[in-house]
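# Descriptive structure summary
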Amino acid sequence: MNKKQFVIVGLGTFGENVAKYLTEKGAQVIAIDKNEKKIQDIAPFVTQALTADATDEKFLKSLNLKDIDVGIVAIGESLEDSILVTLHMRELGVKKIVVKCINQLHARISAKLGADRIIYPELEMAKRVAENLISPNILEEIELSPEYNIVELVVPKRFIGKTIKEAKIRSEYNLTVIAIKKKIPYLTDSGESNFKEEINIAPLADEEINEGDTLIVIGKDSDIERIKKE
Ligand code: ADP
């Protein structure tokens, strides 16, 4: 299988880390920044590192971007540069474009220009941290659509010792349990007690819920909000 090819423009904290992770995962990564020092620092970690102003269309044309699977525009400091690079990438045939945005206007313009994905790392992280502080029993939340979510939650106290059916997760909350993670105690070779995690996918309604379990449920956001308060 051919390696996936990425181009990343802007090696601030975000761009630099995305570039490193993608390379670690076996992708081909071309990193571009107008700051030479950034390019020197990233060069050992990526396939190709180029010092250039990416708003220069001639330069981008020379890279043959048609073969690039994903272009990541991670220029936070200049809205104008980010917009220009997104526009050029679209015109030069990059298959998928991801833009790191700094505000709503930036996001709206990028979407109009054909960005396939808009990300706000700071905003997303702030939301996650705030959510976690408000509902510490929520370990992970994935937004499937504006209306539906999947959440991983620590078992509410009043569910302990009940089956999924008795806890009325479907009948009272309209939620479906798609997995239960259980901590199974065991003795190590040296006789100490430890825990290993077991996951039961698509558990049956008569599966018992125990203390320390984690439930992974899918359902409407409004219903999930209710179970969070348990
Ligand atoms: P972060 O918030 O992730 O740290 P920054 O917005 O601070 O990101 O960093 C943006 C990076 O993008 C900087 O390294 C800057 O040199 C680079 N950059 C800005 N404009 C251009 C451009 N036109 N062409 C190439 N690189 C650019």
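Model, not experiment: these values are computed from the prediction.

### Digging into the overall build of the protein
For the protein, the helix and strand inventory stands at seven helices and eleven strands. If one aligns the C-alpha atoms of the protein with their principal axes, the spans along those axes are about 65 × 45 × 35 Å. Counting the 230 residues in the protein, one finds 38% classified as buried. Expressed as a percentage of contacts within the protein between residues at least 6 apart in sequence, the contacts between residues at least 24 apart total 54%. Total accessible area on the protein is roughly 13800 Å²; 53% of this is exposed by carbon and sulfur atoms.

### Observations concerning helix α7 (residues 221-228)
All of the buried residues in α7 are Asp 223, Ile 224, Ile 227 and Lys 228. Buried residues of α7, viewed axially, fall in a sector of 145°; they line one side.

### Examining the nonpolar core
Ile 32, Leu 65 and Met 89 are the most contacted members of the largest nonpolar core, which totals 24 residues. Those elements that provide at least two residues to this core are β1 (5-9), β2 (28-33), α3 (57-61), α4 (79-91) and β5 (96-100). Those residues in contact with Met 89 that sit more than four places away from it in its chain are Val 7, Val 9, Leu 65, Gly 71, Ile 72, Val 73, Val 94 and Ile 97. Within the second largest apolar cluster, 17 residues are counted, among which are Val 151, Leu 153, Ile 164 and Ile 209.

### A short note on the pattern of salt bridges
Enumeration according to the criterion identifies 14 salt bridges in this entry. For Asp 69, the salt bridge identified is with Lys 95, shortest N-O distance 3.6 Å. Placement of the pair is Asp 69 in the loop between α3 and β4 (70-73) and Lys 95 in the loop between α4 and β5, with a sequence separation of 26 residues. The partner of Lys 181 in a salt bridge is Glu 152, with the nearest N and O atoms 3.0 Å apart. Within this pair, whereas Lys 181 is found in strand β9 (residues 176-187), its partner Glu 152 is found in strand β8 (residues 148-154), the two being separated by 29 residues in sequence. Judged by relative accessible area, Lys 181 falls into the buried class, the value being 17%. A network of salt bridges, in which partner residues are shared, links Glu 131, Glu 141, Glu 225 and Lys 228.

### Structural notes on the site of the ligand
Near the ligand there are 19 residues, and of these Thr 13, Asp 33, Asp 53, Gly 76 and Lys 100 occur at the shortest range. Asp 53 has a polar side-chain atom sitting 2.9 Å from a nitrogen atom of the ligand. If the ligand stood free it would expose 580 Å²; the protein chains cover 86% of that surface. Per-class residue counts for the shell around the ligand are six nonpolar, six polar and seven charged.

### Quick look at the side chain of Ser 82
Examined against the element boundaries, Ser 82 turns out to sit in helix α4. Judged by relative accessible area, which is 1%, Ser 82 ranks as buried. With sequence-adjacent residues up to four places away left out, Ser 82 is seen in contact with Val 73, Ile 75, Val 99 and His 106.

### Comments concerning the sheet that holds strand β10 (residues 193-201)
Taken in spatial order, the five strands of this open sheet run β7-β8-β11-β9-β10, and their pairing is antiparallel. The two strands at the open ends of the sheet, each matched to only one other strand, are β7 (138-143) and β10. Ignoring which end each strand starts from, the neighbouring axes of this sheet average 15° apart. Relative to strand β11 (residues 214-220), β9 is paired through five bridges, and the arrangement is antiparallel. If you follow Thr 176 over to β11, its bridge partner there is Ile 218.

### Structural notes on the packing of aromatic side chains
All told, the structure shown has one aromatic pair when counted by the stated rule. On the basis of an interplanar angle of 65° and a centroid distance of 6.1 Å, the ring pair of Phe 159 and Tyr 173 is categorised as edge-to-face. With Phe 159 in the loop between β8 and β9 and Tyr 173 in the loop between β8 and β9, this pair connects stretches of sequence that are 14 residues apart. A relative accessible area of 0% means that Phe 159 is categorised as buried. Judged by its relative accessible area of 2%, Tyr 173 falls in the buried class. Here the basic side chain of Lys 20 rests over the ring of Phe 45, its NZ or CZ set 4.5 Å away from the ring centre. Of note, Lys 196 hangs over the ring of Tyr 186, and the distance from its end group to the ring centre comes to 5.6 Å.

Basis of the calculations
- Residues numbered from 1 in each chain as written.
- Predicted model: local features only at pLDDT ≥ 70, side-chain atom pairs only at ≥ 80, totals over all residues.
- Heavy atoms only, no water.
- Helix = DSSP H or I, 4+ residues; strand = E, 2+ residues; numbered from the N terminus.
- Buried < 20%, exposed > 50% of the residue type's maximum accessible area, 1.4 Å probe, protein only.
- Contact = heavy atoms within 4.5 Å.
- Areas by Shrake-Rupley, 256 points an atom, 1.4 Å probe, with all protein chains shown as cover.
- Arc of directions from axis to C-beta.
- Core = buried A, V, L, I, M, F, W, Y, C linked by side-chain atoms within 4.5 Å.
- Salt bridge = Lys/Arg side-chain N within 4 Å of Asp/Glu carboxyl O.
- Near = heavy atom within 4 Å.
- Polar contact = N/O pair within 3.5 Å; in protein donor to acceptor, adjacent residues only side chain to side chain.
- Nonpolar A, V, L, I, M, F, W, Y, C, P; charged D, E, K, R; others polar.
- Pairing = 2+ DSSP bridges.
- Axes fitted to C-alpha atoms, helices over the stretch in contact; angles between N-to-C directions.
- Phe/Tyr/Trp six-rings, centres within 6.5 Å; stacked < 30°, edge-to-face > 60°.
- Lys NZ or Arg CZ within 6 Å of the ring centre and 35° of its normal.

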